[in-house]
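Fold and geometry: a report
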Amino acid sequence: MKKNKRHQTNLISIVIILVTIALLVLLTICLYKQASLAVRFDAVTNWLSKLENAVVDLDTHIEILVCLFALYIAKCQLPIPMGVLCVIAGMVFSLPNAMIINIVFLSFFFIVKYIEGTWIGGGWAMMILNIRKIRFLKQWVMFKGTGNPYILVVSRLVPSIPLGMISKLYGSMHYDFIYYLVLSIAGFIPRMYIYTRIGSVLYNPFSKEFIILVMIIVAFTGITSLFFNIFAGIRARQMTQTLLIYSQKQKYKVVL
C-alpha cells in the first residue's frame, strides 16, 4: 500500500511537471515569435484595438460596474472563475480602479461564503477532511479547532484550491472574522494583480507583457500544485506508517 501511494504521488507529480513544462515551452516560443505573431494576426489585433477604444469611450461605466457586481453575486453560487471576473474589471477600468473594485467585490464574496459556513457548516471541504486517508489534513487545517492562519493565506495563493470552499470551512470553525478577511485579501492580492493586469493588456494578446503574465500564472500554478501534491503524499505515507505501528501494538497488546 505504501508503494502504491508513493507511485501515485510520483505519477501525479510527473504529469504536473510535464504539463507545466509543455505550456511554458509553448509560451516561450510565442514570446520568441511575438513580432511575427502580431503581424500574422494583425486583423485580430486591430479588432481588439477598436474594441478597447470603444470601451474607453463608454459613458456607462456605472452600468458596467453594476453588471460586474452582479457577476460577483452569481459567483457566490455558480462556479465562475474568480480570475475571469478580475480580468473583466481590468478590461474596462484603469488598473488602480480595477484593483480597488476587485478588492471591494472580492471582500463581499468572502463575507458571503464565511456567513454560509457559519450557518450550514464546512460543506465539501469538511467532508473531504473527514476522509480517513487524509485525516492528517484535518488536524493541520483546523489547528486546535480554530483554523490555521497560514493555511488560509496559502489557500488564497494556490489557484487549484477553491476560494468558496475554504471560506465556508473557516466560517464553520467561527474563525475570527476580521482576521479571516484581512488574510484572505492579502493572500489573493498577488493573483488578483496578475489577473487584473492581464485584463488591461488583453486587447493585445500577442504583446510580450501578456505572454509573460500568462507564463507567470502557468509556472506559479504548476509549482504550487507540485509542492502540494508532494507534501500531501509525504503526510499520507507518514499517517499510514503511524497507523501500521499502532495496529501492530494493538495486535500484540496483552489484555489482563
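Treat the numbers as computed from the prediction; the structure is a model and nothing was measured.

1. Digging into the overall build of the chain
- Within the chain one finds twelve helices and zero strands.
- Going from the N terminus to the C terminus, the chain shows its helices and strands as α-α-α-α-α-α-α-α-α-α-α-α.
- Taking all 256 residues of the chain together, 39% fall into the buried category.
- Contacts in the chain between residues far apart in sequence, at least 24 positions, make up 75% of those at least 6 positions apart.
- Total accessible area on the chain is roughly 15300 Å²; 72% of this is exposed by carbon and sulfur atoms.

2. Description of the nonpolar core
- Formed by 42 residues in total, the largest nonpolar core has its most connected members in M82, L106, F110, Y170, Y180 and F188.
- Of all the secondary-structure elements, those providing two or more residues to this core are α4 (61–75), α5 (82–92), α6 (95–120), α9 (149–157), α10 (163–172), α11 (177–201) and α12 (208–251).
- Among the elements that take part in this core, α11 stands out by supplying ten residues, more than any other.

3. Notes on a nonpolar patch on the surface
- A cluster of nonpolar side chains, L11, V15, V19 and L23, forms an exposed patch at the surface whose accessible area comes to about 340 Å².
- With respect to the helices and strands, the residue V15 is situated in helix α1 (residues 2–32).
- Given the relative accessible area of 44%, V15 is considered partly exposed.

4. As for the packing of α4 against α6
- In the contact formed by α4 and α6, the axes pass within 9 Å of each other and the chain directions differ by 30 degrees. If you check the angle between α4 and α6, you find them roughly parallel. Every pair of crossing elements has a handedness; the one defined by α4 and α6 is right-handed. Taking contact as the criterion, the partners of L65, L68, F69, Y72, I73 and K75 in α4 are, on α6, I101, N102, F105, L106, F108 and F109.

5. Let's talk about the environment of G83
- As for its position among the elements, G83 is in helix α5.
- Separated by 112 residues in the primary sequence, G83 and Y195 have C-alpha atoms spaced 5.7 Å apart.

6. Details of the environment of I21
- Its location among the elements puts I21 in helix α1.
- Taking relative accessible area as the criterion, I21 reaches 45% and is therefore assigned partly exposed.
- Residues I21 and G222, 201 residues apart in the sequence, show an inter-C-alpha distance of 8.8 Å.

7. Considerations on the pattern of salt bridges
- For the structure on display, the rule yields two salt bridges.
- K113 serves as the salt-bridge partner of E116, at 3.0 Å between the closest nitrogen and oxygen. Placement of both E116 and K113 in helix α6 is noted, with a separation of three residues, approximately one turn of the helix. With respect to class, E116 is no different from K113; both count as buried.
- Salt-bridge contacts for E209 lead to R197; the nearest nitrogen and oxygen are separated by 2.6 Å. Placement of the pair is E209 in helix α12 and R197 in helix α11, with a sequence separation of twelve residues.

8. Some details on the confidence of the model for the chain
- Looking at the chain, pLDDT values average 77 and 68% of them are 70 or higher.
- Within the chain, the element-level pLDDT minimum falls on helix α3 (residues 42–56), averaging 60, and the maximum on α6, averaging 92.

9. Let's talk about the packing of α6 against α10
- In contact at an axis separation of 7 Å, α6 and α10 are set at 50 degrees when each is read in the N-to-C sense. Our classification of the angle between α6 and α10 gives oblique. The interaxial crossing formed by α6 with α10 has right-handed handedness. Counted together, F109, F110, K113, Y114, E116, G117, T118 and I120 of α6 and L163, G164, S167, K168, Y170, G171 and S172 of α10 form the full contact between these two elements.
- Of the residues that constitute the contact of α6 with α10, the class distribution is six nonpolar, six polar and three charged.

Thresholds, definitions, all that
- Residues numbered from 1 in each chain as written.
- Predicted model: local features only at pLDDT ≥ 70, side-chain atom pairs only at ≥ 80, totals over all residues.
- Heavy atoms only, no water.
- Helix = DSSP H or I, 4+ residues; strand = E, 2+ residues; numbered from the N terminus.
- Buried < 20%, exposed > 50% of the residue type's maximum accessible area, 1.4 Å probe, protein only.
- Contact = heavy atoms within 4.5 Å.
- Areas by Shrake-Rupley, 256 points an atom, 1.4 Å probe, with all protein chains shown as cover.
- Core = buried A, V, L, I, M, F, W, Y, C linked by side-chain atoms within 4.5 Å.
- Patch = residues over 30% accessible without salt bridge, like charges linked within 9 Å, V, L, I, M, F, W, Y side chains within 5 Å.
- Salt bridge = Lys/Arg side-chain N within 4 Å of Asp/Glu carboxyl O.
- Axes fitted to C-alpha atoms, helices over the stretch in contact; angles between N-to-C directions.
- Parallel < 35°, antiparallel > 145°, perpendicular 65-115°, else oblique.
- Left-handed = near helix turned anticlockwise from the far one by under 90°.
- pLDDT = per-residue confidence, 0-100.
- Nonpolar A, V, L, I, M, F, W, Y, C, P; charged D, E, K, R; others polar.

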